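Read off the chains here:
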Amino acid sequence: MGTMPIPYHNAFAGAPSRQALCYVGRVASGPTVSVSVDLDAVECYFRIHALPGEPPTDARFAILHRCLPRFAELFARHGVPATFFVVGRDLEEDSEGRRLLESLARDGHELANHSHNHRYELVRLGRARICQEIDHAHTAIAACSGQAPVGFRAPGYEVSAEVIDLLCERRYAYDSSAFPSVPYYTAKTLVMAAMRLAGRKSGSYLGNPAILRAPRTPYHPSDSDPYRRGQQPIWELPMAVSPWLRLPVIGTTLISAPDWLRTRLVAATLREPFLNLELHGIDLADADGDDFPPALIARQPDLRLPLARKLAALDATLTQARAAGATFKTLRQVTAAL
Ligand SMILES: [Zn+2]
């Protein structure tokens, strides 16, 4: 495996174009909307909540077997080409999930790199291990989709100058890991502190607070700080936060917020030229019908919401975007047009 040549995408041109400049101007037509889904397995949530042991066999692939088909139907209903961030190891261990992702890629959805093992401490693993995490997933995803991935999202929203450098070496067109949300970061800090007080250590990491001052619109990162503008050829595509308060506009918010708040948050982000809407596979989990372990359901409040309510919230969001004149594109397509 180690000697296998890795097909990397070479058609990337790094120079910003006329279209990039419209980010500083007014929006002439409707916004561009990208919807992406991080396919974190149940095991990831076991680590975040410091649950003991491994998930039971039935639950191990529940995200790909139960939730992914619901996203496929949702996107088909709305004519949305989406970007799925895939964990490489799942493709090797789960043939049913792999077949489903293959068919989604055939239907025009993008499969992008979410690392091989979804290690929350990715940026601390050292250069050689980080390379393995990127390259093994790259090979597995390229083999599944028939197209070399050009985009990366780090586990736990934490990226580093080193990771960006390695992605540039591999001619990746974009990274989409920056999530500059103050309320999200504050809530994560409090939850992790509370867990530590209770004697439980989360498998997640808080990450560098520099992320909070990252730009909210696509930018080229600096070679010393991924959260500052600079000269790296890759694009950083930050995930959506609301203007001013930087409230997180991600799947968890959309499915949990009351309708009036969700509608306002989405409307605020749709007034901008580009909305990078990040969802997670677990956002369309059904705590009653799927095989999620009770210990996880007890710890994850959004998992307990009725599936019908969550689906209705995402349906309404996509309808709202369409009504605002949105054009839906994969992150690969967005970057190609920058
Ligand atoms: Zn993830």
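This one's a predicted model, so the numbers in the text were calculated from it and none came from an experiment. (Residues numbered from 1 in each chain as written. Predicted model: local features only at pLDDT ≥ 70, side-chain atom pairs only at ≥ 80, totals over all residues.)

Asks: What is the right way to read the pairing of strand 7 (residues 274-280) from this model?
Replies: In summary, the side chains of a regular strand alternate between the two faces of the sheet. Of all seven residues that make up strand 7, seven are buried, and the element is covered over most of its length. Across the two faces of strand 7 the burial is the same, with F274, N276, E278 and H280 and L275, L277 and L279 all buried. Where strand 1 (residues 32-38) and strand 7 come together, seven bridges link them in parallel fashion. Each residue of the ladder has a partner; that of S34, found in strand 7, is N276. (Buried ≥ 20, exposed ≤ 12 C-beta atoms within 10 Å, placed from the backbone. Helix = DSSP H or I, 4+ residues; strand = E, 2+ residues; numbered from the N terminus. Pairing = 2+ DSSP bridges.)

Asks: What is the right way to read helix 11 (residues 259-270) from this model?
Replies: Its twelve residues place the ends of helix 11 16 Å apart at the C-alpha level, agreeing with the 16 Å of an ideal helix rising 1.5 Å per residue. Every buried residue of helix 11 is listed here: R262, L265, V266, T269 and L270. Here the buried residues of helix 11 occupy an arc of 135 degrees about the axis, which is enough to place them on one side. Close packing links the buried residues of helix 11 with helix 10 (251-256), strand 7 and helix 13 (307-323). (Expected span 1.5 Å × (residues − 1). Arc of directions from axis to C-beta. Contact = placed C-beta atoms within 7 Å.)

Asks: In this structure, what is going on with the environment of I297? I would like to understand it.
Replies: Its place among the elements puts I297 in helix 12 (residues 294-299). With 15 C-beta atoms packed within 10 Å, I297 lands in the partly exposed category. Taking the C-alpha atoms as reference points, I297 and A287, ten residues apart in sequence, are found 6.9 Å from one another.

Asks: Which parts of the structure should I look at to understand the pairing of strand 3 (residues 110-113)?
Replies: Burial along strand 3 is two-sided: the residues E110 and A112 and L111 and N113 are all buried. The pairing of strand 2 (residues 83-86) with strand 3 spans four bridges and is classified as parallel. Across the sheet, the residue bridging to V86 is N113, located in strand 3.

Asks: Looking at this structure, I do not really get the nonpolar core. What am I missing?
Replies: Within soluble globular proteins, side chains that are nonpolar tend to cluster in buried spots. Judged by nonpolar contacts, the single largest core of 83 residues is most densely connected at L39, V42, I63, F84 and V86. Among the elements that take part in this core, helix 4 (residues 62-78) stands out by supplying seven residues, more than any other. In this structure L39 touches I63, L64, L68, F84, F85, V86, V87, D90, H114 and G281, once residues within four positions along its chain are discounted. (Core = buried A, V, L, I, M, F, W, Y, C linked by C-beta atoms within 7 Å.)

Asks: Just checking my understanding: could you explain the environment of S29 for this structure?
Replies: Mapping S29 onto the fold places it in the loop between helix 1 (18-21) and strand 1. The exposure class assigned to S29 is exposed, which follows from the 9 C-beta atoms found within 10 Å. S29 sits 296 residues away from G325 along the chain, and the two C-alpha atoms are 7.2 Å apart.

Asks: Got a minute to help me understand the packing of helix 4 against helix 6 (residues 95-106) in this structure?
Replies: When two helices pack together, their arrangement is captured by the angle between the axes and the distance separating the axes. Helix 6 packs onto helix 4 with a crossing angle of 15 degrees between their chain directions and a minimal axis gap of 10 Å. One element, helix 4, and the other, helix 6, form an angle in the roughly parallel class. Regarding helix 4 and helix 6, the two cross each other, and that crossing is left-handed. Counted together, L64, H65, L68, P69 and A72 of helix 4 and E96, G97, L100 and L104 of helix 6 form the full contact between these two elements. (Axes fitted to C-alpha atoms, helices over the stretch in contact; angles between N-to-C directions. Parallel < 35°, antiparallel > 145°, perpendicular 65-115°, else oblique. Left-handed = near helix turned anticlockwise from the far one by under 90°.)

Asks: Help me understand the confidence of the model for the chain, please; the structure alone is not making it clear to me.
Replies: Confidence in the prediction for the chain averages 87 pLDDT; 85% of positions are at 70 or higher. In this model, residues 1-7 is a region of pLDDT below 50 whose contacts with residues beyond four sequence positions or in other chains number six contacts. Per-residue pLDDT stays below 50 along residues 9-27; that stretch engages in 19 contacts with residues further than four places along the chain or on separate chains. (pLDDT = per-residue confidence, 0-100.)

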